[in-house]
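One-letter residues, chain by chain:
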Amino acid sequence: VIRERNPLPAVCGRICPHPCESVCNRGRQDEPVAIDALKRFVSEYEIAQRKAGKFVPPKPKRDLKIKVAVVGAGPAGLTVAHDLALEGYRVTIFEAAPVPGGMMHLGIPEYRLPRHILMSDIDYIKDLGVEIKLNSPLSKDFTVDDLFKQNYKAVFLGIGAYKGLKLRVPGEDEYEGFLDCIEFLKRVNLGDKTKPGNKVIVIGGGNSAIDSARTALRLGCDEVTILYRRSRKEMPANPWEVEAAEHEGVKIHYLAAPVKILGKNGKVTGMICTKMRLGKLDASGRRRPIPIEGSEFEVEADLIIPAISQQPDLSFLPEDHGFEISRWNSFVVDERTMATNREGVYAGGDAVTGPATVIEAIQAGHIAASSIKEYLSR
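Residues numbered from 1 in each chain as written. Predicted model: local features only at pLDDT ≥ 70, side-chain atom pairs only at ≥ 80, totals over all residues. Heavy atoms only, no water.

Engineer: What am I meant to see in the side chain of Glu 46 here?
Structural biologist: Along the chain, Glu 46 turns up in helix α2 (residues 35-51). Not counting residues up to four positions away in its chain, the partners in contact with Glu 46 are Arg 3, Phe 55 and Tyr 124. (Helix = DSSP H or I, 4+ residues; strand = E, 2+ residues; numbered from the N terminus. Contact = heavy atoms within 4.5 Å.)

Engineer: Sorry if this is basic, but what is going on with the pattern of salt bridges here?
Structural biologist: Working definition: two side chains of opposite charge can pair if their charged atoms are close together. For the structure shown, the criterion picks out 24 salt bridges. With a shortest N-O distance of 3.5 Å, Glu 183 and Arg 187 are connected by a salt bridge. Taken as a pair, Glu 183 and Arg 187 lie in helix α7 (residues 181-189) at a separation of four residues, close to a single helical turn. Among the ionic pairs, Arg 336 bridges to Asp 334, the shortest N-O distance being 3.1 Å. Judged by relative accessible area, Arg 336 falls into the exposed class, the value being 69%. Residues joined by salt bridges that share partners form a network here, namely Arg 112, Asp 211, Arg 214, Arg 218, Glu 241 and Glu 248. (Salt bridge = Lys/Arg side-chain N within 4 Å of Asp/Glu carboxyl O. Buried < 20%, exposed > 50% of the residue type's maximum accessible area, 1.4 Å probe, protein only.)

Engineer: Please clarify how the pairing of strand β2 (residues 90-94) should be interpreted in this entry.
Structural biologist: Every other side chain in a regular strand lies on the same face of the sheet, so the side chains alternate between the two faces. Burial analysis of β2 places four of its five residues in the buried class, which makes it a mostly covered element. In the classification by handedness, the crossover that spans strand β1 (residues 67-71), the intervening helix α3 (residues 75-86) and the parallel β2 is right-handed. Across three bridges, β2 lies against strand β3 (residues 131-133) in parallel orientation. Each bridged residue has a counterpart across the sheet, and for Ile 93 the counterpart in β3 is Ile 132. (Right-handed = clockwise from strand over helix to strand, strands pointing away. Pairing = 2+ DSSP bridges.)

Engineer: Please explain the packing of aromatic side chains as it appears in this structure.
Structural biologist: Where two aromatic rings form a pair, the distance of their centres and the angle of their planes describe that pair. The final tally for this structure, using the stated rule, is five aromatic pairs. Here the aromatic rings of Phe 323 and Phe 331 are separated by 5.3 Å at their centres, their planes lie at 75°, and the arrangement is edge-to-face. Note on Phe 323: relative accessible area 7%, which makes it buried. Taking the centre distance of 6.3 Å and the plane angle of 65° together, the rings of Tyr 346 and Tyr 375 count as edge-to-face. Placement of Tyr 346 in strand β15 (residues 345-347) and of Tyr 375 in helix α11 (residues 358-376) is noted, with a sequence separation of 29 residues between them. For Tyr 346, a relative accessible area of 6% translates into the label buried. An aromatic cluster of at least three residues, connected via ring pairs, comprises Phe 94, Phe 142 and Tyr 152. Looking at Lys 67, its charged tip hangs above the ring of Tyr 152, at a distance of 4.3 Å from the centre. (Phe/Tyr/Trp six-rings, centres within 6.5 Å; stacked < 30°, edge-to-face > 60°. Lys NZ or Arg CZ within 6 Å of the ring centre and 35° of its normal.)

Engineer: Just to check I follow, could you spell out the sheet that holds β1 for this structure?
Structural biologist: Strand pairing in a sheet is mediated by backbone hydrogen bonds. Such pairs are either parallel or antiparallel. If you walk across this open sheet you meet the five strands as β3-β2-β1-β4-β15, and the pairing is parallel. Unpaired on one side and paired on the other, β3 and β15 mark the two borders of the sheet. On average, each strand axis in the sheet is tilted by 20° relative to the strand beside it, whichever way the strands run. Direction of pairing for strand β4 (residues 154-157) relative to β15: parallel, over a ladder of three bridges. Its bridge partner lying in β15, Leu 157 is registered against Ala 347. With respect to the sheet, α11 is in contact with β1, β4 and β15, its orientation differing from that of β4 by roughly 165°. (Axes fitted to C-alpha atoms, helices over the stretch in contact; angles between N-to-C directions.)

Engineer: Would you take a moment to explain unusual backbone geometry for this structure?
Structural biologist: Backbone phi values are negative for most residues with the exception of glycine, while trans is the configuration of most peptide bonds. Even without being glycine, Lys 65 reaches a positive phi, approximately 60°. Inspection of the secondary structure assignment puts Lys 65 in the loop between α2 and β1. For Lys 65, a relative accessible area of 57% corresponds to the exposed category. Unlike most non-glycine residues, Ser 309 shows phi in positive territory, near 145°. Following the sequence through the fold, Ser 309 ends up in the loop between β13 (303-306) and β14 (310-311).

Engineer: Could you clarify how one ought to interpret the nonpolar core in this entry?
Structural biologist: Buried together is how nonpolar side chains tend to be arranged in soluble globular proteins. Formed by 65 residues in total, the largest nonpolar core has its most connected members in Leu 147, Leu 157, Phe 331 and Ile 372. Among the elements that line this core, the one with the most residues is α11, at nine residues. Not counting residues up to four positions away in its chain, the partners in contact with Phe 331 are Leu 157, Ile 159, Leu 314, Phe 316, Leu 317, Phe 323, Glu 324, Ile 325, Ala 347, Ala 351 and Val 352. With 27 residues, the next largest nonpolar core counts Val 188, Ala 209, Cys 221 and Leu 303 among its residues. (Core = buried A, V, L, I, M, F, W, Y, C linked by side-chain atoms within 4.5 Å.)

Engineer: For this particular structure, what's the right way to read helix α9 (residues 239-248)?
Structural biologist: Of the residues making up α9, those classed as buried are Glu 241, Val 242 and Ala 245. Down the axis, α9 shows its buried residues gathered within 100° of arc, on one side only. Where α9 is buried, its residues touch α8 (207-218) and β8 (251-253). A positive backbone phi angle near 115° is found at Gly 249, which sits one or two residues after α9. (Arc of directions from axis to C-beta.)

Okay, structure coming up:
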């Protein structure tokens, strides 16, 4: 029953922030149904049943012999592949990384999402007949147009948002020891377990910042501090993740922001920060942080990890790609269908919204798959 709407229940049972529980009708009576925990319990039971040969994924309804290309094996792309494979389409996923899963594999640490749990959901989708080609990125030499030339009748772009935003402070491009959180987590999740530094500062207040800080501690770093420009109340990270980080020894310095990166002999030595105060609400619905004049202070560090947000990396597109691109460097789509301005090409997940949750990417994948099915049946 869960799989009727969620192709990644084992994943969601581990890492979903379960927004559904905040609007669960049972909460009006006493407390919401523990939807997330129940999903985890049932999915782990299913994994055991599959290993014992007592449960087999359903077979596609038919074989339509129509090829569909999905670019990106993240949650949006996997959902599109899952839905279309069940309808009988022949789906191939082209994944740039050496592993499937997108940010679920490259961004989320293994202590939060064990890889055998992730792979159980992915293997289920592969068992439906979906082919995943790893180390197969789109590029200026292998484009969307080339996919159509290979007889794919529709294309879904679920390339994620892997490009970290700049702090825009002096010194961030000058010294060794300055590493974007996505690149840092990607290295670790692909097997590099070397200790990255002794004194580490992570800049940001989202889940990526928390994941980076807790990962750095696990790699043996002596001191890890998160620097966040607002208060604890405005922090966008899941509250339980923040509590876990503090319990493990991560220090969190609120109401502070970097103004300059310091270095010596080509290596990071620390940074100059300023204290902040909170002003009126801004467009995000949170109080705007305002620098306090004359409050600058210096902190030592040999590794600085900015985690202030990401956007899609569209450098693979040729100059004449023809897509409508937003000012946030994301694909512009019709939100009702996930269709881009190019016929037969759809996009979703972080490539459209910017960094969001797995469940939001799954929702976009469902919409896109339904639209692709309608488009191909005309």
